[in-house]
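Overview (structure and organization)
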Amino acid sequence: MEIVNKKQEITFKETIFWLWKFWGELKPLMFLLIILTPVAMWFRSCTPILIANIFNELGSKKPDIIFVKDQIQMLLIFSIIHFVMYSFLQTTRGNTNFKLENSFRINLFKYLVKLDQSFFQKFNTGDLITRIIDDISEKKLAWFACSGIFRFYEAIIKILQIVFFMFYLSPLLTWTTILPALVIIIGFVKISQKTTEFSRRNQKAISEINNFLTNTIDGIKIIKSYNQEKNQEAFFNNVVENQRKKELELVKASSLMELSYSRISELIMIMIFFIGGYLVINDKIPLGTLVAFNTYIFMLIWPMVDIGQFFVKGRKAGVSVQRVKELENFEPKIVNKSDAIKEIDENILFEFKNVSYSFEKDKKILDNISFEVKKGELIAFTGSVGSGKSTFLNFIPRIIDPTDGNILLNKINLKDYDITELRKKIGFVSQTPSLFSDSIKENVIFGRDITEEKLIKSIEVSQLASEIENFSEKINTKIGQRGINLSGGQKQRLAIARSIAEKPEILILDDCTSALDTETENKLWNQLYDFIPGITVFLVTHRIKTLEKADRIILFENGKISDIGTHKELLSRSDYYNRIYSSKIEPNNIFIEN
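Computed from a predicted structure; not experimentally measured. (Residues numbered from 1 in each chain as written. Predicted model: local features only at pLDDT ≥ 70, side-chain atom pairs only at ≥ 80, totals over all residues. Heavy atoms only, no water.)

What follows covers the pairing of strand 7 (residues 506–510). Counting buried residues along strand 7, five of its five residues qualify, which places the element largely inside the surrounding structure. Sheet topology places strand 6 (residues 426–429) next to strand 7; four bridges connect them, and they run parallel. Bridging across to strand 7, Phe-428 finds its partner in Ile-508. Sheet topology note: the strand 7/strand 8 (residues 536–540) ladder contains five bridges and is parallel. Counterpart to Ile-508 in the pairing with strand 8 is Phe-538. (Buried < 20%, exposed > 50% of the residue type's maximum accessible area, 1.4 Å probe, protein only. Helix = DSSP H or I, 4+ residues; strand = E, 2+ residues; numbered from the N terminus. Pairing = 2+ DSSP bridges.)

This is the structure we're talking about:
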């Protein structure tokens, strides 16, 4: 998703300001680079002077061999010192690049996991992956954050030192070199501005590739079921070709700048040979001075290239920072209050008062929902597909908040409680179990401090224990990406085991027993209340036998409550519920028929 327009382009100052906080974390390394870079460059910048001294002395009528030997020794010593120091600087810059890349990525990930549902409705998965992985990679933002900045710093230091020595040798030749160089730098600052749009288009194209791959991998079973492999290949070819074109635009612009630098530098060198040769022939300057100048011209080429790269890479880095800041500037709708209540009374009482929810102002998903739930109750939700049952369950752990109305927990607004403490009391199983490519044990523990006793008991209650015994590595068996090695029922039971492992006071089950047979589900319910006495359960289900167990059933239709009552009460007064029970078919099938 690309939501930035050209008017919102980030400035270089904003890019530096964003990077500043990360540089602060690496102060010793940054300070070391700042101090050592001029020193290393000084040893390199002195060498042409030593070369000039050697040539001038050898060209004299009576050369001083001892002086020449001393100059050669100094040249060798300076070269070795520069080599050692510059090798250290390059290694340090490379390591710092990776440290900054990790800091960028970790910082952004910490922020992303704290965001609510509204954020992930706005940004697609492929785009987020591109911003987290590609935009801040060592070849882009992370490179610029250290190597790009310090190569520019190095280039400026080197140019200043070289110009100083060049003026020392010959002011005329120096002005011949400097004036064209200034024109080049000013020109490339202007040209580099055009690379910003190329960079943005390229990053957007990479996001499209990642998003396409994510959707394809997630839906590979559907693709194969409908024989859509060829179509997907064609779509992917189009996406890749689009990215290739955008990358080519950017490479052409960048390459043109780099090639222009080297060609113009060669023209400057020709001018130096022409003017310098004339001065040597007329005994205005010694030959050693021209040789030294020639060496300095060669030394100026890469600093000038680095300055050009600084502006090109700086524009690219600005695009990346802008894309990262889009994520950082997103204002979550669900946040803790500064004085949030951390203590939650165990005698749970939920009151839903005129609760409504809508994505858009004129399109309500839930409308005026009101009822109460007491501690220990099993509340079942049933109704047509798309009637708002799953959306309603998301209110309880504050995945989303109502757009209208209030939810009270123990007579206190749910928004007044600390979100972390609230969620500690809730076990949640979504309609599609979210599993991770780790072992069964780690999927149940999920980074929490779960005792071995609770771990084993939660697996037993979820009716997964007997089947685990048949796995090759028992509880340590790897389940593959998203639990691909498990059946549908095993996935649901593993998710249930995770939800009850900490003995939550509130359990939310979003149609997560659909793949269980009746006998297994009955065992689960019987053992659940022994394991967690007094647990309050919110359950979405279409199963008649499950509905019969509920203390109350909330019947949803088109985002509203059609009726509330026990199984017997609804049978006696609800024609729709009565049809569900008597026909013993799924409610969503009935609604499709109607």
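That covers the picture; the talk isn't over yet.
What follows covers empty space enclosed by the protein. Scanning all chains against the criterion turns up two cavities of 30 Å³ or more. Taken as a whole, the largest cavity encloses approximately 60 Å³ of empty space. Phe-395, Ile-400, Asp-401, Pro-402, Gly-405, Asn-406, Ile-407, Asn-413, Leu-414 and Lys-415 together form the lining of the largest cavity. Among the elements that make up the lining of the largest cavity, the one with the highest residue count is strand 4 (residues 404–409) (three residues). Classifying every residue of the lining of the largest cavity by side-chain character gives five nonpolar, three polar and two charged. (1 Å grid on protein atoms, 1.4 Å probe; cavity = no way out; pocket = protein on both sides within 12 Å on 5 of 7 lines; lining within 4 Å. Points joined across faces, edges and corners; volume = space filled by probe spheres on them. Nonpolar A, V, L, I, M, F, W, Y, C, P; charged D, E, K, R; others polar.)

All right, on to the packing of helix 1 (residues 12–24) against helix 11 (residues 287–328) then. In a pair of packed helices, the angle between the axes and the distance between the axes together describe the arrangement. Contact geometry of helix 1 with helix 11 gives a least axis separation of 9 Å together with a crossing angle of 65 degrees. Classified by the interaxial angle, the pair formed by helix 1 and helix 11 is roughly perpendicular. Crossing angle aside, the handedness with which helix 1 passes helix 11 is left-handed. Across from Phe-12, Thr-15, Trp-18 and Lys-21 in helix 1, the residues of helix 11 making contact are Phe-310, Gly-318, Val-321, Val-324, Lys-325 and Glu-328. Looking at the contact of helix 1 with helix 11, its residues break down into five nonpolar, two polar and three charged. (Axes fitted to C-alpha atoms, helices over the stretch in contact; angles between N-to-C directions. Parallel < 35°, antiparallel > 145°, perpendicular 65-115°, else oblique. Left-handed = near helix turned anticlockwise from the far one by under 90°. Contact = heavy atoms within 4.5 Å.)

Mean pLDDT over the protein chain stands at 80; residues scoring 70 or higher make up 88%. Counted against residues more than four places away or in other chains, residues 1–7, with its pLDDT under 50, gives 16 contacts. Predicted confidence for residues 586–594 stays below pLDDT 50, and this span has 18 contacts to residues more than four positions away or in other chains. (pLDDT = per-residue confidence, 0-100.)

Strand pairs in the sheet, formed through backbone hydrogen bonds, run parallel or antiparallel to each other. Taken in spatial order, the six strands line up as 6-7-8-3-9-10 in an open sheet, and their pairing is mixed. Both outer strands of the open sheet, strand 6 and strand 10 (560–565), are each paired with one neighbouring strand and no more. Averaged over neighbouring strand pairs, the angle between their axes works out to 15 degrees when direction is ignored. Helix 18 (residues 518–531) contacts strand 3 (378–383), strand 7 and strand 8 of the sheet and is inclined by roughly 155 degrees relative to strand 8.

The subject of this paragraph is the layout of surface pockets. Size it by volume and the largest pocket reaches roughly 2,600 Å³. Every residue lining the largest pocket is counted, 50 residues in all, and those nearest its centre are Ser-430, Ser-434, Phe-436, Phe-446 and Arg-498. Secondary-structure elements contributing two or more residues to the lining of the largest pocket are helix 4 (117–122), helix 5 (125–135), helix 8 (195–218), helix 9 (220–225), helix 13 (419–424), strand 6 and helix 17 (488–500). Here the lining of the largest pocket gets six residues from one element, more than from any other, and that element is helix 17. A per-class count over the lining of the largest pocket returns 23 nonpolar, 15 polar and 12 charged.

At Gln-463, a residue that is not glycine, the phi angle is positive and equals roughly 65 degrees. Relative to the assigned elements, Gln-463 resides in the loop between helix 15 (452–461) and helix 16 (465–468). Backbone geometry at Lys-503 places phi at a positive 55 degrees, although glycine is not the residue there. Topologically, Lys-503 is positioned in the loop between helix 17 and strand 7.

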